[in-house]
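Chain residues, written in single-letter form:
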Amino acid sequence: MAITLLTHKRIVLAVTGSIAVYKAVDLASKLTQAGALVDVIMTDAAQQFVTPLTFQSVTGRPVYTDLWQTDNSGGLPTHIAHVGLGEGADLLAVIPATANTIAKLAFGFADDVLSVTALAARCPLLIVPAMDGGMYSHQAVQANLGTLAMRGAYIIEPEEGRFASGLVGKGRLPETPTLIGHIRRCLAQQHGSLLNRHVVITAGGTREAIDPVRFVSNHSSGKQGYALAQAAIDAGAIVTLISTVNLPTPIGTTLIPVNSAQEMQAAVLETCQHADALIMAAAVADFRPATVADQKIKKKEDTEGLTVEMTRNPDILLSVKQRREELHLPRVVVGFAAESEHLLDNAQSKLQRKALDLLVANDITATDAGFGSDDNRVVILDKDGGTQRLELQSKERVSEIIIERVATLL
Ligand code: PMT
């Protein structure tokens, strides 16, 4: 799937000699499918595990292996590649990075395509160590990683688990989605439109407890909220996601899990004291059971039904409106409206009543959009009376457009 942030980005993927090279093949393939232009450099040791042809096949681009090779096989002639590769690149990612390569980079060696490119490059350097747990924790490796971090390298901690040797420890290369998440974050931090802005986003339907095992909720899956969180990360923002659901959290996001509207309200008011923007994509229950039974409610033989008395939940956006009058933060507040009739009229009145900057209205009667689906069709209303209609498209794309509107307002 294409990823806007990665489209046409030039990523130099430097692969070194570890069994984890097989994961780098998948990474190169997924980055290419996402729209990036991936130039692979392989060290001699990496070629003991996988051939250059493998990477060439998945990226459709030449692979660089030999500093002295004058035949370019369609790419940059290698005698200038070490300068050209680094110069035009948006990112130099060393994945997997062995202890040997980490040492060479820390000391500024220049004896193969990778080390020479690293010295010539002016783009961010991302390093993902992968090695045996004992090697990773060794003082020499940690000191070298410390040196690289001090120089501004973006270093991703390896994961714990079982190694090819059978030993267990910390040193495994993370899986492709995690690696791509870090690459997105690293790229976004260069020139995102929300750089250093703090954005709070809510996602999912609140769960209002009836007893210890039952709750009242709605059909919100959280997909729209999580897509907004990823879009905000891609724009370079510091993101807090307040969520009732359990989806993979975009890399770089601070997650605050909540259940009820009251818990969500407390988390929103706390985080919004220092936030630049709030986006309320969550479907907050307007009512909750008036009392929560301490024990599981048992069915009785002589009664057919159960009546649960409901009471009003606080309106989170109205409480944010009140706080904003004192603190003037968040500077931008975005609401969503889930409507089953009179979409624009109802949305307009919510925009005004809740003093929102933007309101994203969706018609929840549509079967191909809204709750649970991967796509959405919305109208964005602004406080100056403007409307922007977004035809059916992925929630990712809808989110990118909303995030750009927020960036413009900030
Ligand atoms: O999660 P998905 O499956 O991806 O679906 C996405 C979505 C349809 C849930 C999302 O796009 C959406 O419309 N979210 C808002 C749903 C909703 O609660 O709408 P509302 O019209 O009831 O509320 C209006 C706004 O007030 C919302 O921003 C809501 O978060 C907020 N609200 C509502 C009630 C309440 N007590 N406090 C609030 O702050």
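Keep in mind the model is a prediction, meaning the values are calculated, not measured. (Residues numbered from 1 in each chain as written. Predicted model: local features only at pLDDT ≥ 70, side-chain atom pairs only at ≥ 80, totals over all residues. Heavy atoms only, no water.)

**What about the pairing of strand 5 (residues 125-129)?**
Part 1: When you tally the buried positions in strand 5, you get five out of five residues, the bulk of the element.
Part 2: Of the two faces of strand 5, the one holding L125, I127 and P129 and the one holding L126 and V128 are both buried throughout.
Part 3: In this structure, strand 4 (residues 91-97) lies alongside strand 5, joined through four bridges in parallel fashion. Each residue of the ladder has a partner; that of A93, found in strand 5, is L126.
Part 4: Here two bridges tie strand 5 to strand 6 (residues 154-155), and the two strands are oriented parallel to one another. Among the inter-strand pairings, L126 is bridged to a residue of strand 6, identified as Y154. (Buried < 20%, exposed > 50% of the residue type's maximum accessible area, 1.4 Å probe, protein only. Helix = DSSP H or I, 4+ residues; strand = E, 2+ residues; numbered from the N terminus. Pairing = 2+ DSSP bridges.)

**A short note on the site of the ligand**
Part 1: In the neighbourhood of the ligand, 27 residues make up the surrounding shell, with S220, S221, K350, N362 and G372 lying closest.
Part 2: P314 is positioned with one of its backbone polar atoms (N or O) 3.0 Å from a nitrogen atom of the ligand.
Part 3: Measuring from an oxygen atom of the ligand, one finds a side-chain N or O atom of K354 at 2.9 Å.
Part 4: About the coverage of the ligand: the protein hides 96% of its 770 Å² of free accessible area.
Part 5: According to the grid-proximity analysis, the pocket containing the ligand is the second largest pocket.
Part 6: Among the secondary structure elements, those contributing two or more residues to the shell around the ligand are helix 9 (223-234), helix 11 (316-327) and strand 17 (332-339).
Part 7: Among the elements that take part in the shell around the ligand, strand 17 stands out by supplying four residues, more than any other.
Part 8: In the shell around the ligand, the residues fall into twelve nonpolar, nine polar and six charged. (Near = heavy atom within 4 Å. Polar contact = N/O pair within 3.5 Å; in protein donor to acceptor, adjacent residues only side chain to side chain. Areas by Shrake-Rupley, 256 points an atom, 1.4 Å probe, with all protein chains shown as cover. 1 Å grid on protein atoms, 1.4 Å probe; cavity = no way out; pocket = protein on both sides within 12 Å on 5 of 7 lines; lining within 4 Å. Sits in = over half its atoms within 2 Å of the grid points. Nonpolar A, V, L, I, M, F, W, Y, C, P; charged D, E, K, R; others polar.)

**Regarding the layout of surface pockets**
Part 1: Counted as a void, the largest pocket has a volume near 890 Å³.
Part 2: Those elements that place two or more of their residues in the lining of the largest pocket are helix 1 (21-33), helix 8 (176-191), helix 9 and helix 13 (395-409).
Part 3: Along the lines of polarity and charge, the residues of the lining of the largest pocket split into 13 nonpolar, eight polar and nine charged.
Part 4: Here the lining of the largest pocket gathers at least three residues from each of two domains, domain 1 (4-189) and domain 2 (192-296 + 307-409). (Points joined across faces, edges and corners; volume = space filled by probe spheres on them. Domains from an automatic or database assignment.)

**Structural notes on the sheet that holds strand 2 (residues 37-42)**
Part 1: Pairing within the open sheet is parallel, and its six strands lie in the order 3-2-1-4-5-6. What marks the edges here is a single partner per strand, and that holds for strand 3 (63-64) and strand 6.
Part 2: Across six bridges, the pairing between strand 1 (residues 10-15) and strand 2 is parallel. Each residue of the ladder has a partner; that of V12, found in strand 2, is D39.
Part 3: Seen against the sheet, helix 5 (residues 113-120) touches strand 1, strand 2, strand 3 and strand 4 and runs at an angle of roughly 125° to strand 2. (Contact = heavy atoms within 4.5 Å. Axes fitted to C-alpha atoms, helices over the stretch in contact; angles between N-to-C directions.)

**Things to note about the pairing of strand 2**
Part 1: In terms of burial, strand 2 is largely enclosed, as five of its six residues are buried.
Part 2: Taken together, strand 1, helix 1 and strand 2 constitute a β-α-β crossover, and its handedness is right-handed.
Part 3: The parallel pair strand 2 and strand 3, bridged by helix 2 (residues 52-59), forms a crossover whose chirality is right-handed. (Right-handed = clockwise from strand over helix to strand, strands pointing away.)

**Observations concerning the domain arrangement of the protein chain**
Part 1: Splitting the protein chain by domain gives domain 1 (4-189) and domain 2 (192-296 + 307-409).
Part 2: Computed over C-alpha atoms, the centres of domain 1 and domain 2 are 38 Å apart.
Part 3: Counting residues at the interface gives nine residues for domain 1 and ten residues for domain 2.
Part 4: Considering only the side of domain 1, the residues that lose the most area to domain 2 are R184, R185 and A188, jointly responsible for 52% of the buried surface there.
Part 5: There are one salt bridge connecting domain 1 and domain 2.
Part 6: A salt bridge links D234 to R184, with the shortest nitrogen-to-oxygen separation between them at 2.7 Å.
Part 7: At the boundary of domain 1 with domain 2, the tally comes to three residue pairs in polar contact (both at pLDDT 80 or more).
Part 8: For the side of domain 1 that touches domain 2, a count of residues per class yields two nonpolar, five polar and two charged. (Buried area = accessible area lost by both parts, 1.4 Å probe. Salt bridge = Lys/Arg side-chain N within 4 Å of Asp/Glu carboxyl O.)

**Overview of the nonpolar core**
Part 1: By size, the foremost hydrophobic cluster in this structure holds 37 residues, and its most contacted members are L6, F55, I95, L126 and I183.
Part 2: Look past the residues within four positions of L6 in its chain and what remains in contact with it is I11, L31, A34, G35, A36, I180, I183 and L187. (Core = buried A, V, L, I, M, F, W, Y, C linked by side-chain atoms within 4.5 Å.)

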